[in-house]
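Descriptive structure summary
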Amino acid sequence: METPADPAADRPVFPEGYGIPETAEGQLSWSDVEPRLVAAKHYWVNSVRPDGTPHSVPRWGVWLDGRFWYDGAPTTRHTRNVEKNPAVTLTLESGTEVVIIEGESVATRADADGLGARLAAAFSKYEDSGYAPGPDSWSGEDGGGLRVITPRRAMAWFDFPKDATRFRF
């Protein structure tokens, strides 16, 4: 899988009165945002049920190679949703230091001697919580329930509205 290039940054469009600056001065760079995705332990993934209503679930996962990797049973509501409609939103926990990723979630797999080893190393941040998958956890026929979210757009701000930034992948 090819690693996505750093996204292009500009200002998000908000209704008049929100105070979003008109210049690029103060905008965040992707290098300001991506380390927060890597360091986070708790993420929220939002999908759409077949009846069109939203579904939100907390997830453990890892940001690696410009994508979000997570796993789980194919029978969960979330997985059944994204199998019908892969569009998702991924967010971090903070409502003031905000990172919002919009993209698509697809099933995948990882061979133990390559990506699987790198994923297992990244997932080691959950060892203290009792979750420590091995490098071969995602190499079976069903990929061990492994999914990957590839970003299309993102928004972030740590000092709204001054640094509100939109990213396009």
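Residues numbered from 1 in each chain as written. Predicted model: local features only at pLDDT ≥ 70, side-chain atom pairs only at ≥ 80, totals over all residues. Heavy atoms only, no water.

1. Observations concerning the overall build of the chain
The line we're drawing: Numbering goes from the N terminus for both helices and strands, where a helix is a DSSP run of H or I of at least four residues and a strand is a run of E of at least two. C-alpha atoms define the radius of gyration in this analysis, and the globule rule sets the expected value at 2.2 Å times the number of residues to the power 0.38. Relative accessibility under 20% of the residue-type maximum defines a buried residue, over 50% an exposed one, and the middle range a partly exposed one, all with a 1.4 Å probe and only protein chains included. The contact criterion used throughout is that any non-hydrogen atoms of two residues lie within 4.5 Å. Calculation of accessible area relied on Shrake-Rupley with a 1.4 Å probe; when residues are assessed, cover is drawn exclusively from the protein chains displayed. His residues and chain termini do not enter the charge count, which takes Lys and Arg as positive and Asp and Glu as negative. By convention, the point assigned to a charge is CZ for Arg, NZ for Lys, CD for Glu and CG for Asp.
The secondary structure content of the chain amounts to three helices and nine strands. By the compact-globule yardstick of 15 Å for 169 residues, the chain fits well, its C-alpha radius of gyration being 17 Å. Overall, the chain is about 50 × 35 × 30 Å in size when its C-alpha atoms are taken along their principal axes. Split into buried and exposed, the 169 residues of the chain put 39% on the buried side. For the chain, the share of sequence-separated contacts (at least 6 apart) that also reach a separation of at least 24 residues comes to 67%. When the accessible surface of the chain is split by element, carbon and sulfur atoms take 50% of a total near 9,000 Å². Charged side chains in the chain number 18 positive and 25 negative. The centres of these two groups are separated by 5 Å.

2. Describing the pairing of strand β5 (residues 67-70)
Worth spelling out the cut-off: If DSSP finds at least two bridges between two strands, the strands pair.
Side chains Arg67 and Trp69 project from β5 onto one buried face, and the interleaved Phe68 and Tyr70 project onto a second face that is buried too. Where strand β4 (residues 62-64) meets β5, three bridges bridge the pair, whose relative direction is antiparallel. Residue pairing for β5: Leu64 is matched across the bridge by Arg67. Linkage of β4 to β5, two consecutive antiparallel strands, is achieved through a turn of two residues, within which Asp65 is found at a positive phi near 55°.

3. Some details on helix α1 (residues 30-39)
For the record, the criterion: Within this analysis, the arc is defined by the directions that extend from the helix axis to the C-beta atoms.
Of the positions making up α1, those classed as buried are Trp30, Val33 and Leu37. All buried residues of α1 lie within an arc of 70° about the axis, which places them on one face of the element. Relative to its buried face, α1 has exposed residues pointing more than 90 degrees away, namely Ser31 and Ala39. On its buried side, α1 packs onto β2 (43-48), β4, β6 (87-92), β7 (98-107), β8 (147-157) and β9 (165-168).

4. Focus: helix α2 (residues 77-84)
Those residues of α2 that fall on the buried side of the exposure criterion are His78, Thr79, Asn81 and Val82. Buried residues of α2, viewed axially, fall in a sector of 160°; they line one side. Opposite its buried face, α2 presents the exposed residues Glu83 and Lys84, each directed more than 90 degrees away. Contacts from the buried residues of α2 go to β2, β3 (54-59), β5, β6, β7 and β8.

5. Examining the pattern of salt bridges
Put simply, the rule reads: Salt bridges are defined as contacts in which a side-chain nitrogen from Lys or Arg sits within 4 Å of a carboxyl oxygen from Asp or Glu.
Overall, the coordinates contain nine salt bridges when judged by the stated rule. Asp65 serves as the salt-bridge partner of Arg118, at 2.5 Å between the closest nitrogen and oxygen. Within this pair, whereas Arg118 is found in helix α3 (residues 115-123), its partner Asp65 is found in the loop between β4 and β5, the two being separated by 53 residues in sequence. The class for Asp65 is partly exposed, based on a relative accessible area of 25%. Between Arg152 and Glu104 there is a salt bridge, with the nearest N and O atoms lying 3.0 Å from each other. You can see Arg152 sitting in strand β8 and its partner Glu104 sitting in strand β7, a full 48 residues away along the chain. Taken together, the shared-partner salt bridges connect Asp10, Arg166 and Arg168 into one network.

6. Quick word on the pairing of β6
Within a regular strand, side chains alternate between the sheet's two faces. In this sheet, β6 lies alongside β2 in antiparallel orientation, the contact comprising four bridges. Counterpart to Tyr43 in the pairing with β6 is Leu92. Alignment of β6 against β7, held across five bridges, turns out to be antiparallel. Within β7, the position partnered with Leu90 by the bridge is Ile101.

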